[in-house]
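# Coordinate inspection notes
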Amino acid sequence: MHPRSRLLRAAALLGLWIAALPGVHAQQTREDLSRDLPASGELTNADVQSTGRSLLAAPGFAKAKVATNPAFPDATPVGEKTCIACHQLEADHFTHTLHALGLHAAAKADPSIPVCETCHGAGSQHAQAPLTRGSIIAYTKNGGTPIEVQTKTCLTCHEGGPRDHWLGSIHQRNDLSCSDCHNPMAKFSVEGSLARDSINETCAQCHKDVRLQFNRRSHMPLPEGQMSCVDCHNPHGSLTSPLLKTNTVNETCYQCHAEKRGPFLFEHAPVRENCLNCHTPHGSNQHALLVAPVPFLCQQCHVNQRHPNDMHTPQSLATGSNPDERIMGRACNTCHANIHGSNAPSGSKFHE
């Protein structure tokens, strides 16, 4: 038999075999699809309530309880509906936040879990005398609640992790409250319940001088949205005074600049000591975030050593009165290219 005839015969037999299989259709109709779907049944509101604990579990909020207000220890809980009776606008803003969704889900699973009073404390005294300062835990500067009580209430749920070193941190020592950076009562940011629309804008509320440094000609890519302040800093506390996420400046820089870590056969001492000896971290008007232009930066340490002993000044630049070819282009780095360290056997001067 001709090979082509044999192939056509096999294809015809395969088609007959597939057509004979049960449940196989050339094209599934809407009726066929509806028959194949499992029956949904009737899910009434009573069914939802009866299965609420399994359907509406909220592990992150399952242990929420009424916050303690030291100023009014005898106050008793009044429930969310009493709060909304006066604070309808706040309730509307709060509805779409993470805290609202979690607390409402937990309250459906366990009616004993409070919503508003999880953060603000028992509201009976406040309901009777709304103008009494401190009758509930307020998160404003003039609300009558000490900042220590505000932060302690937040840390009831948010303790541990990045907040291990909050006590003693520079933000805590300067009497910052959680509400200075966060606003859980409205959805201003995509994540983090921030008081502004981004991490960088939130930090810039106080650190305006640092924010301006990112406008310089050489800067970290923060304005372009490729990084944020928390890539290097932990605003909730750190073992270092500038709130670095690691123990040293260099370890922080090595998170991105791993090629500078080494170890090197020949190491450049000021580089190994601290990156900030030569670079400024936020922004500079010099190339590569340098604190000063080369060769003047290099001459802060290297003067009259194994080199022509003339001191370079701005007059040696191309626009000066005595241009010197040794500081044209990349200046010292034209020859000492691997200035961060070298693994070359003859790289003691960082030439290679």
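Residues numbered from 1 in each chain as written. Predicted model: local features only at pLDDT ≥ 70, side-chain atom pairs only at ≥ 80, totals over all residues. Heavy atoms only, no water.

## Let's talk about the pattern of salt bridges
Within this structure, the stated rule accounts for 4 salt bridges. With a closest N to O distance of 2.6 Å, Glu259 and Lys260 form a salt bridge. Judged by its relative accessible area of 26%, Lys260 is partly exposed. (Salt bridge = Lys/Arg side-chain N within 4 Å of Asp/Glu carboxyl O. Buried < 20%, exposed > 50% of the residue type's maximum accessible area, 1.4 Å probe, protein only.)

## Notes on the environment of His282
Along the chain, His282 falls in the loop between helix H15 (269–273) and strand S3 (283–284). With 62 residues separating them along the chain, His282 and Met220 place their C-alpha atoms 5.9 Å apart. In contact with His282, not counting residues within four places along its chain, are Val210, Gln213, Phe214, His219, Met220, His233 and Leu289. (Helix = DSSP H or I, 4+ residues; strand = E, 2+ residues; numbered from the N terminus. Contact = heavy atoms within 4.5 Å.)

## Brief notes about the confidence of the model for the protein
Overall, the predicted model of the protein reaches an average pLDDT of 86, with 82% of residues at or above 70. Note that pLDDT drops below 50 for residues 40–45; the model gives that stretch 2 contacts with residues more than four away or on any other chain. (pLDDT = per-residue confidence, 0-100.)

## Description of the side chain of Gln299
With respect to the helices, strands and loops of the structure, Gln299 is situated in the loop between S3 and helix H16 (332–335). Excluding anything up to four places from it in sequence, Gln299 contacts Met311 and His312.

## Looking at the side chain of Asn200
Structurally, Asn200 is set in helix H12 (residues 199–203). Discounting residues that sit within four places of it in the chain, Asn200 has contacts with Leu222, Met227, Ser228 and Cys229.

## Examining unusual backbone geometry
Geometrically, the link from Gly262 to Pro263 is a cis peptide bond, its omega value of 5° lying close to zero. Here Pro263 shows up in the loop between helix H14 (249–254) and strand S2 (266–267). For the peptide bond that leads from Val294 to Pro295, omega is 10°, which places it in the cis range. Relative to the helices and strands, Pro295 resides in the loop between S3 and H16. Look at Ser193: it is not a glycine, yet its phi comes out positive at around 50°. Looking at the element boundaries, Ser193 is found in the loop between helix H11 (170–173) and H12.

## As for the environment of Tyr139
Here Tyr139 shows up in the loop between helix H9 (124–128) and helix H10 (147–158). Along the primary structure Tyr139 and Val149 are separated by 10 residues, whereas in three dimensions their C-alpha atoms are 9.5 Å apart. Beyond its immediate sequence surroundings of up to four residues, Tyr139 is in contact with Cys119, His120, Gln150, Thr153, Cys154 and Ser179. Among the polar contacts made by the side chain of Tyr139, one reaches the main-chain carbonyl oxygen of Cys119 at a distance of 2.7 Å. (Polar contact = N/O pair within 3.5 Å; in protein donor to acceptor, adjacent residues only side chain to side chain.)

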